[in-house]
Amino acid sequence: MWPELSPAYLAWLGGLLGLMVGSFLNVVIHRLPLMMQAQWASECAEFTAQSTTAGTPEPAPLSLSMPRSACPHCGHNIPWHENIPVLSYLRLRGKCSACGKGYGLRYPLVELFTGVLFYGCVLRWGASYTSLAWCGFSAALLTLALIDWDTTLLPDEVTLPLLWAGLIAAALQINPGVSLIHAFWGAVGGYLSLWLVYQAFKLITGKEGMGYGDFKLFAALGAWFGWTALLPMILLASVAGAAVGLVLKYRAQLREGGYLPFGPFLAASALLMMVWGPVDVLLYLGLAL
């Protein structure tokens, strides 16, 4: 199915594809929470039998494709030649061509990081369905991590497809080293383990320590890596989260209530597992079975 190209050339093609996908991820990261909030507002209005005030125009519908990308400051529609991943940002020096205000460094960083992830996946697994699967996995995790960091939301629109994709990849045997039974119990164990921690914390303190999105994300990671990888993943995420939390607390930069979303640290630990390989991480931690 795949053309005979050198591994290095294929990896660079994967990296270029990652740059383009990263540009789309910027749209998803920004718009998906807004779309969720609009849907919730509509459902609340319907539930309370409220309607839009007569004569008040309803806001234009928002989707991942419409309206066109525009400057958040002046509304300038961004033409295609100003939307080339990384290159357009460098050419415009990170500023809008119409109003001159900055776009922010995150946009090219997301594109670059996605490109690096795709490059690494293709370099490791070559031109294969396994490579495509892990590229999709990487893109989904990056999206979830940044949405959760910004909004403390982990959308079902991403976590649930990620969970099913992990189970399907195991069933089709395109995820080396993870059988369907390991993926199934990984999903079950991932969800139940955090759910039990949540219930115990709530029982002891009367507070909610995390959201259900964290359970679903950890279930998805269990489906991708198998149940034996759950413990090292949660350990890595917990240590990283505690370290970042201490730094932010020392710098008085914690959010109101001292809350720190856990999703980005779960995602980071999973990406490290993907790079190192679950078996190597388990051996390093002395947890291999």
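What counts, and where the lines are drawn
- Residues numbered from 1 in each chain as written.
- Predicted model: local features only at pLDDT ≥ 70, side-chain atom pairs only at ≥ 80, totals over all residues.
- Heavy atoms only, no water.
- Helix = DSSP H or I, 4+ residues; strand = E, 2+ residues; numbered from the N terminus.
- Rg over C-alpha atoms; globule rule 2.2 N^0.38 Å.
- Buried < 20%, exposed > 50% of the residue type's maximum accessible area, 1.4 Å probe, protein only.
- Core = buried A, V, L, I, M, F, W, Y, C linked by side-chain atoms within 4.5 Å.
- Salt bridge = Lys/Arg side-chain N within 4 Å of Asp/Glu carboxyl O.
- Patch = residues over 30% accessible without salt bridge, like charges linked within 9 Å, V, L, I, M, F, W, Y side chains within 5 Å.
- Areas by Shrake-Rupley, 256 points an atom, 1.4 Å probe, with all protein chains shown as cover.
- Contact = heavy atoms within 4.5 Å.
- Expected span 1.5 Å × (residues − 1).
- Phe/Tyr/Trp six-rings, centres within 6.5 Å; stacked < 30°, edge-to-face > 60°.
- Bend = angle between axes of the 7 residues up to and from the residue.

Novice: Pulling in residues and values, what's your account of the overall build of the protein chain?
Specialist: Helices and strands together make up the secondary structure of the protein chain, namely 10 helices and zero strands. When the helices and strands of the protein chain are placed in sequence order, the string is α-α-α-α-α-α-α-α-α-α. Taking 289 residues into account, the globule formula puts the C-alpha radius of gyration at 19 Å, and the protein chain, at 21 Å, falls close to it. Overall, the protein chain is about 65 × 60 × 40 Å in size when its C-alpha atoms are taken along their principal axes. Relative to its full complement of 289 residues, the protein chain shows a buried share of 38%.

Novice: Please set out the nonpolar core residue by residue, giving values where relevant.
Specialist: One finds Phe137, Leu141, Leu162, Leu221, Phe225, Met233 and Leu266 to be the most contacted residues of the largest nonpolar core, which totals 58 residues. Of all the secondary structure elements, the ones that give two or more residues to this core are helix 1 (7-47), helix 3 (106-125), helix 4 (129-151), helix 5 (156-171), helix 6 (180-205), helix 7 (212-225), helix 8 (230-250) and helix 9 (263-276). It is helix 4 that contributes the most residues to this core, 12 residues altogether.

Novice: Run through the pattern of salt bridges, naming residues and quoting values.
Specialist: Across all of its chains, the model carries two salt bridges by this definition. Between aspartate 150 and arginine 106 there is a salt bridge, with its nearest N and O atoms 2.6 Å apart. Within this pair, whereas aspartate 150 is found in helix 4, its partner arginine 106 is found in helix 3, the two being separated by 44 residues in sequence. Owing to a relative accessible area of 31%, arginine 106 belongs among the partly exposed residues under this scheme.

Novice: Please set out unusual backbone geometry residue by residue, giving values where relevant.
Specialist: Its identity as a non-glycine residue notwithstanding, arginine 93 has a phi of 55 degrees, on the positive side. In this fold, arginine 93 is placed in the loop between helix 2 (87-91) and helix 3. A positive phi angle is found at threonine 152, which is not glycine, with a value near 60 degrees. For threonine 152, a relative accessible area of 35% corresponds to the partly exposed category.

Novice: Which residues make up a nonpolar patch on the surface, and what are the values?
Specialist: A contiguous nonpolar surface patch, about 360 Å² in accessible area, is contributed by Leu5, Tyr9, Leu13 and Leu16. One can find leucine 5 in the segment before helix 1.

Novice: Help me get a handle on the side chain of serine 138, residues and values and all.
Specialist: Within the secondary structure, serine 138 sits in helix 4. Judged by relative accessible area, serine 138 falls into the buried class, the value being 1%. Among residues more than four places away in sequence, those in contact with serine 138 are Leu117, Cys121, Leu271 and Met274.

Novice: Give me the lowdown on helix 6, citing residues and values where you can.
Specialist: The terminal C-alpha atoms of helix 6, which comprises 26 residues, lie 38 Å apart, in line with the 38 Å expected from a rise of 1.5 Å per residue. Where helix 6 is buried, its residues meet helix 5, helix 7, helix 8 and helix 9. One or two positions beyond helix 6, positive phi appears at glycine 206, with a value near 80 degrees.

Novice: Got a sec to walk through the side chain of asparagine 175? Specific residues and values, please.
Specialist: As for its placement among the helices and strands, asparagine 175 is situated in the loop between helix 5 and helix 6. Here asparagine 175 is in contact with Trp134, Ala169, Ala170 and Trp224, once residues within four sequence places are set aside.

Novice: Can you explain the packing of aromatic side chains? Please cite residues and give values.
Specialist: Going through the model one piece at a time under the given rule, you end up with 12 aromatic pairs. Both rings, one in phenylalanine 137 and one in tryptophan 224, keep their centres 4.9 Å apart while their planes meet at 50 degrees; by these two values the pair is tilted. Within this pair, whereas phenylalanine 137 is found in helix 4, its partner tryptophan 224 is found in helix 7, the two being separated by 87 residues in sequence. In this structure tryptophan 224 comes out as buried when scored by relative accessible area, which is 3%.

Novice: So what's going on with the environment of glycine 189? Residues and values would help.
Specialist: Along the chain, the position of glycine 189 falls in helix 6. The class of glycine 189 is partly exposed, set by a relative accessible area of 22%. The sequence separation of glycine 189 and methionine 274 amounts to 85 residues, and the corresponding C-alpha distance is 19 Å.

Novice: Break down helix 1 for me, citing the residues and quoting the values.
Specialist: In this model, helix 1 (41 residues) spans 56 Å end to end at C-alpha, consistent with the 60 Å of a helix rising 1.5 Å per residue. Arginine 31 marks where helix 1 bends most, by close to 30 degrees; the proline proline 33 follows one to four residues later.

This is a description of form; function is not addressed.
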